[in-house]
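# Fold and geometry: a report
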Amino acid sequence: MSKISCFNEYDPLKKVLVCEPKFLMQPESMNVSIDLAIKEHHHFVSTLKTCGIEVISLPAVKQFPEQVFTRDTGFVLGEDFFVANIENYIRQGEENYLKEQLTEAAIPYQTIAKGKIEGGDVMIDGETVYVGISNRTNTEAARQLQSFLPNFNIIEVPFSDAYLHLDCVFNILSSNEAIIYPEEIHGEKIKDLKKRYDLIAVSEEEQATLATNILSLGNKKIISLPINKNINKELNLRGYEVIEVDFMEMIKFGGSFRCCTLPILRQ
């Protein structure tokens, strides 16, 4: 059986699931290059491997054009792998394909049968699990997740449907630092987050290039976009090593570094 374990978003990343964006759909409203997006993804994966991370690449399937965003189809909380429950018709069926791959790899999993939930809305930090509530994930699924994890505290974080997932407006860097787009999370919820984290604000301009959707490799190493100069400078000042990887063409398809990775082992 393959070992799985993720108790936060920032311990050293050891093993991760990705999928080549081989069958991306060309958006009708945008002039984008699928070939360039594939090249960017290859460079991103190469960077992960250079950093000593074991990269498991799921075979791309033509009927799943958004399969590159592996984060959404599942997530590891503690030592449990959960397969998501996706309602988006373009992505339906990806979960069953993931189950087949997990079975072949001898990785046990649980399913979220009630409500809807995607991995981009799920973040773990110790005994706390934050679940973004909007168009892709609902309270019913969050409550079922709590029933599966009685030793964890599931905290719902509502935000608007203007943003696809929680990791497009919030991300955890360490036990006491997080990135946030403050225009999106308000009231008592942001007060609660401020009690736990020193929140680093992302501007509207950098949020448009998914500045919160960084990927932590552990040991204060972060993969981020070169274009997001302000947040990268702030991270450097705080002692983080920022590895800049160009991903702008991939972002045009709706996701960045966190979206394109499904960590299964952090130690």
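Starting afresh in each chain, residues are numbered from 1 along the sequence in its written order. Side-chain atom pairs in this predicted model are given and counted only at pLDDT of 80 or more, local residue features only at pLDDT of at least 70, and totals for whole chains, interfaces and linings cover all residues. Hydrogens and water molecules were not included; the side-chain quantities draw on all heavy atoms of the structure.

## Digging into the overall build of the chain
What the chain contains, in helices and strands, is seven helices and 15 strands. A principal-axis box enclosing the C-alpha atoms of the chain has dimensions of 45 × 40 × 35 Å. A buried classification covers 57% of the 267 residues belonging to the chain. Any two residues whose heavy atoms approach within 4.5 Å are treated as being in contact. A separation of at least 24 residues holds for 68% of the contacts in the chain among residues at least 6 apart in sequence. Surface accessibility in these figures is a Shrake-Rupley result with a 1.4 Å probe; residues are shielded only by whichever protein chains are displayed. Counting only carbon and sulfur atoms, one obtains 47% of the accessible surface of the chain, whose full area is about 11600 Å². By the counting rule applied here, Lys and Arg register as positive and Asp and Glu as negative, while His and the ends of each chain are not counted. Every charge is mapped to an atom, namely NZ of Lys, CZ of Arg, CG of Asp or CD of Glu. Counting 27 positive and 38 negative side-chain charges, the chain places the centres of these two groups 3 Å from one another. Runs of E in the DSSP output that reach at least two residues are strands. Runs of H or I that reach at least four are helices, and both are numbered from the N terminus. Whether a residue is buried, partly exposed or exposed follows from its accessible area with a 1.4 Å probe, protein chains only, as a fraction of its type maximum: under 20%, in between, or over 50%, in that order.

## Quick word on the pattern of salt bridges
A carboxyl oxygen of Asp or Glu within 4 Å of a side-chain nitrogen of Lys or Arg is what we treat as a salt bridge. What the rule picks out here adds up to 15 salt bridges. Between Arg258 and Glu9 there is a salt bridge; the shortest N-O distance is 3.0 Å. Taken together, the residues span a long stretch of sequence, with Arg258 in the loop between α7 (248-251) and β15 (262-266) and Glu9 in the segment before β1 (13-19) at a distance of 249 residues. A residue is classified by how much of its surface remains accessible, and Arg258, at 1% relative accessible area, is buried. Classification of Glu9 as buried rests on a relative accessible area of 8%. Three or more residues joined by partner-sharing salt bridges are found here, namely Glu9, Arg71, Asp167 and Arg258.

## Structural notes on the sheet that holds strand β2 (residues 54-58)
Read across the sheet, three strands follow the order β2-β1-β15 without closing on themselves; strand pairing throughout is mixed. Each edge of the sheet is formed by a strand with only one pairing partner; in this case those strands are β2 and β15. On average, each strand axis in the sheet is inclined to that of its neighbour by 20°, with strand direction left out of account. Following DSSP output, two strands are said to pair if at least two bridges run between them. The pairing of β1 with β2 spans five bridges and is parallel. Residue pairing for β2: Cys19 is matched across the bridge by Leu58. To get an axis, a line is fitted to the C-alpha atoms, and for a helix only the part in contact is used. The angle between two axes follows their N-to-C directions and goes from 0 to 180 degrees. The strands that helix α1 (residues 34-50) touches are β1 and β2; relative to β1, the one it contacts most, it runs at about 160°.

## As for the environment of Pro108
By secondary structure assignment, the location of Pro108 is in the loop between α2 (94-104) and β5 (110-111). Taking the relative accessible area as the measure of exposure, Pro108 reaches 44% and is therefore partly exposed. Taking C-alpha positions, Pro108 is 8.9 Å from Ser2, a pair spaced 106 residues apart along the chain.

## Digging into the sheet that holds strand β7 (residues 128-133)
The strand order β6-β7-β8 describes an open sheet built from three strands, whose pairing is mixed. Each edge of the open sheet carries a strand with a single partner, namely β6 (122-125) and β8 (153-158). Neighbour to neighbour, the strand axes of the sheet diverge by 25° on average, direction disregarded. Of the pairings in the sheet, the one linking β6 to β7 comprises four bridges and is antiparallel in character. Residue Ile124 lies in a different strand from β7, and its bridge partner there is Val129. Each of β7 and β8 touches helix α3 (residues 139-148); the most contacted strand, β8, lies at about 165° to it. Contacts between helix α4 (residues 187-196) and the sheet are confined to β6, β7 and β8, with β8 contributing the most and set at about 130° to the helix.

None of the figures reported here should be taken as evidence of function without further support.
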